[in-house]
Amino acid sequence: MKYSDDYFVSILVLVCFGLLFQVTNIVRQGLAFAVCLLAIPYILRRDFLRFMLVVALATFLFHRTALFFVGAYFIPLIPRSQIIWLGLFGAAVMVHLSTQKIILFLAGILGGLDFVYSGYFRDLHHVNRTSMGMGFNVLLELGLFLFVVVNLRRLPDDFKVQTFASLYLFGVLLNFAFAETAMFNRVAFYYHYFSFLALPVILHTVKPGRSRTLAYCLFLLYCLMLYDRAAFSQTSPYSRYDNVLWLSGEQVTPGRHQVV
């Protein structure tokens, strides 16, 4: 409530983007992210010591991946330059295309070490299994990314807006770069979810006309795609439970019990 420019849009993003589905699936990391959100005031005040104390609390109490959130203190300092963000997009494309080589390289180094995630690199199935894949939802998200980059200069000259927008854009790139690997995709978790604070600002910044129509069409289509994938898809990575709005149990046959 303190940071959103539009509560309705924030709640829409929180629900339709499948954030609730995923957080309930990975409870510890969801709690770690929730604690990391408490560090927002210290990012905006540029208070690094208190920021690190909050991140350390999330890291050692809930999930060690919260250490990735340290970058959130520095990413808002990236200049509002289309060339820089397009360059980062190019780097994300290279990482996406080289995912398997990166995994094998890290496995050769980390697989023999004694640390908490070394087991994943000895059993590459845990690293390799698809997290998102190159579905229509990822392409729509990249469309939103490019739309924001094109309109970057139109965003309000405010450090809060700069912070939320840059963290979201960085999260989109991480989500795309690591779309084919479930383990590395956890890095994107701490940045991609700033969408529920960034998108209200972005949507309200777009001037009336064709640009606003395009922005809202991309946004709503993306919401519908992700909500359908999270709530109704039989292969959803978040939940395999039937939804009350979607009847998907097996048909009743004579002499056999119905499976729900």
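Scroll up a little and you will see the structure.
Residues numbered from 1 in each chain as written. Predicted model: local features only at pLDDT ≥ 70, side-chain atom pairs only at ≥ 80, totals over all residues. Heavy atoms only, no water.

Attention now goes to the packing of aromatic side chains. In the structure shown here, the tally under the stated rule is 20 aromatic pairs. Ring centres of Phe-170 and Tyr-191 lie 5.4 Å apart, and the angle between their planes is 80 degrees; on these two criteria the pair is classed as edge-to-face. Of this pair, Phe-170 sits in helix H11 (residues 159-177) while Tyr-191 sits in helix H12 (residues 185-192), and the two are 21 residues apart along the sequence. Positioned over the ring face of Tyr-73 is Arg-46, at 3.9 Å from the centre of the ring. (Phe/Tyr/Trp six-rings, centres within 6.5 Å; stacked < 30°, edge-to-face > 60°. Helix = DSSP H or I, 4+ residues; strand = E, 2+ residues; numbered from the N terminus. Lys NZ or Arg CZ within 6 Å of the ring centre and 35° of its normal.)

On to the packing of H11 against helix H13 (residues 195-205). With their axes 8 Å apart at the nearest point, H11 and H13 run at an angle of 115 degrees to one another. Along this stretch, H11 crosses H13, giving a crossing that reads as left-handed. Here Val-161, Phe-164, Ala-165 and Tyr-168 of H11 lie close against H13, whose contacting residues are Ser-195, Leu-197, Ala-198, Leu-199, Val-201 and Ile-202. (Axes fitted to C-alpha atoms, helices over the stretch in contact; angles between N-to-C directions. Left-handed = near helix turned anticlockwise from the far one by under 90°. Contact = heavy atoms within 4.5 Å.)

Here we come to the packing of H11 against H12. Between H11 and H12, the shortest axis-to-axis distance is 8 Å and the interhelical angle comes to 160 degrees. Relative to H12, the element H11 lies roughly antiparallel. Read as a crossing pair, H11 and H12 show a hand that is left-handed. Side by side, H11 and H12 meet where Leu-167, Tyr-168, Phe-170, Gly-171, Val-172, Leu-174 and Asn-175 of the first sit next to Asn-185, Val-187, Ala-188, Tyr-191 and His-192 of the second. Split by residue class, the contact of H11 with H12 holds eight nonpolar, four polar and no charged. (Parallel < 35°, antiparallel > 145°, perpendicular 65-115°, else oblique. Nonpolar A, V, L, I, M, F, W, Y, C, P; charged D, E, K, R; others polar.)

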